[in-house]
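Structural overview for review
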Amino acid sequence: MAAAEPGAAPGGGGCAPAGGGSVPVLFCFSVFARPSSVPHGAGYELLIQKFLSLYGDQIDMHRKFVVQLFAEEWSQYIDLPKGFLVNERCKVRLVPLQIQITTLGNLTPSSTVFFCCDMQERFRPAIKYFGDIISVGQRLLQGARLLGIPVIVTEQYPKGLGSTVQEIDLTGAKLVLPKTKFSMVLPEVEAALAEIPGVRSVVLFGVETHVCIQQTALELIGRGLEVHIVADATSSRSMMDRMFALERLARTGIIVTTSEAILLQLVADKEHPKFKEIQNLIKASAPESGLLSKV
């Protein structure tokens, strides 16, 4: 949850605490109202913590909120005054703003990790445009190496489905992991993410769009990460499955984008020291596979 910082407001302000003990407070959220208490002199942060403890299972963490105080002099709620401290019995409420927070999709190398999902040999004859997504996937991994971006790779049951295709160079990958679970979000992957400071965004590509890619993306956003799916580097056996998966994922706030957009967003400036090398990567014309006409 991203709660709004308290701003200055007329009336209802608090004063410094006069002593210890606790103060009764009525915490209101949506149709609920629950009496509780906070330490005398509690401020904004403690109120937020109490709201989370009381209503955490009902709060949509992707919304932005404002805390309001019921002001007797106005007979209505006002935005929590700046510097407010609880020193007497009061009523507060948590109000979700009407507009849901939308992810801006900004990417920086220092806060990004690449996920390469199940680009394996046995999928070659079955996945539509597999040769094209291999080519684009390799370009992305080259870009990751140039920019120092960590790469996590999984292989679905490699004993039966083979290893990652030879065309994809996994040199320098942080983790190459076999799996049987469809999602890439395994304990080892979560541990690897925890070792990377400041990770905010995952760039995800591979196969199949409607199975492993979809389930990975949903698990990642459930953990508060922003997910970018590279449309020209992900496919399925069926174009219908692929199309509906991308549509569904886009509706959940996942960003569906392209490899060139990703790489140029990561350098951001012609003066970036790696711009020329990234430019050389993308100068090779993208495969005219028809994938993007089926997004």
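First, a word on what this report is: a plain description of the structure on this page. Since the structure is predicted, the reported quantities are computational estimates derived from the model, not experimental observations.

Calculation rules
- Residues numbered from 1 in each chain as written.
- Predicted model: local features only at pLDDT ≥ 70, side-chain atom pairs only at ≥ 80, totals over all residues.
- Heavy atoms only, no water.
- Core = buried A, V, L, I, M, F, W, Y, C linked by side-chain atoms within 4.5 Å.
- Buried < 20%, exposed > 50% of the residue type's maximum accessible area, 1.4 Å probe, protein only.
- Helix = DSSP H or I, 4+ residues; strand = E, 2+ residues; numbered from the N terminus.
- Salt bridge = Lys/Arg side-chain N within 4 Å of Asp/Glu carboxyl O.
- Phe/Tyr/Trp six-rings, centres within 6.5 Å; stacked < 30°, edge-to-face > 60°.
- Lys NZ or Arg CZ within 6 Å of the ring centre and 35° of its normal.
- Axes fitted to C-alpha atoms, helices over the stretch in contact; angles between N-to-C directions.
- Parallel < 35°, antiparallel > 145°, perpendicular 65-115°, else oblique.
- Contact = heavy atoms within 4.5 Å.
- Nonpolar A, V, L, I, M, F, W, Y, C, P; charged D, E, K, R; others polar.
- Pairing = 2+ DSSP bridges.
- Polar contact = N/O pair within 3.5 Å; in protein donor to acceptor, adjacent residues only side chain to side chain.

1. Regarding the nonpolar core
Within the largest apolar cluster, 32 residues are counted, with the highest numbers of intra-cluster contacts made by Phe114, Phe130, Leu140, Phe205, Val230, Ile262 and Leu266. Residue contributions to this core peak at eight residues, all from helix H2 (residues 130–147). Of all hydrophobic cores here, the second largest spans 28 residues; its members include Val113, Leu193, Val199 and Ile213.

2. Focus: the pattern of salt bridges
Counted according to the given criterion, the structure contains ten salt bridges. Close ionic contact of lysine 174 with glutamate 195 constitutes a salt bridge, the shortest N to O distance being 3.3 Å. Of this pair, lysine 174 sits in the loop between helix H3 (158–161) and strand E9 (175–179) while glutamate 195 sits in the loop between helix H4 (187–194) and strand E10 (201–207), and the two are 21 residues apart along the sequence. On the basis of relative accessible area, glutamate 195 is assigned to the exposed category, the value being 57%.

3. Things to note about the packing of aromatic side chains
In this structure the tally under the stated criterion is seven aromatic pairs. Put simply, the rings of Phe27, Phe29, Phe32, Phe51, Tyr55 and Phe65 touch in pairs and so form one group of aromatic residues. One Lys or Arg, arginine 34, reaches over the ring of phenylalanine 32 and ends 5.6 Å from the middle of that ring. Sitting over the face of the ring of phenylalanine 70, lysine 91 holds its NZ or CZ atom 4.6 Å from the ring centroid.

4. Topic: the packing of helix H7 (residues 259–267) against helix H8 (residues 275–283)
Interaxial distance between H7 and H8 falls to 10 Å at its minimum, and their mutual angle equals 175 degrees. By the angle class used here, H7 and H8 are roughly antiparallel. Every residue of H8 that contacts H7 at Glu260, Leu263, Leu264 and Val267 is listed here: Phe275, Ile278 and Ile282. Residues that form the contact of H7 with H8 fall into these classes: six nonpolar, no polar and one charged.

5. Quick word on the sheet that holds strand E11 (residues 226–235)
Ordered by their spatial adjacency, six strands build an open sheet running E9-E8-E7-E10-E11-E12, and the pairing between neighbours is parallel. If you trace the sheet from one side to the other, it starts and ends with E9 and strand E12 (255–257), each paired once. On average, each strand axis in the sheet is inclined to that of its neighbour by 20 degrees, with strand direction left out of account. Pairing analysis gives five bridges linking strand E8 (residues 151–156) to E9, with the strands arranged parallel. Counted as the bridge partner of glutamine 156 is lysine 179 from E9.

6. Some words on the environment of arginine 122
Along the polypeptide, arginine 122 turns up in the loop between strand E7 (112–117) and H2. Along the primary structure arginine 122 and proline 158 are separated by 36 residues, whereas in three dimensions their C-alpha atoms are 9.1 Å apart. With sequence-adjacent residues up to four places away left out, arginine 122 is seen in contact with Gly160, Leu161 and Gly162. In this structure the side chain of arginine 122 is engaged in a polar contact, spanning 2.7 Å, whose partner is the backbone oxygen of glycine 160.

7. Let's talk about unusual backbone geometry
That bond from valine 207 to glutamate 208 is cis: its omega, -15 degrees, falls within 30 degrees of zero. For glutamate 208, the position within the fold is in the loop between E10 and helix H5 (209–222). Here aspartate 118, not a glycine, exhibits a phi torsion of approximately 55 degrees, which is positive. Residue aspartate 118 is classed as buried on the basis of its relative accessible area, which comes to 1%.

The values reported here are purely geometric and, on their own, carry no functional implication.
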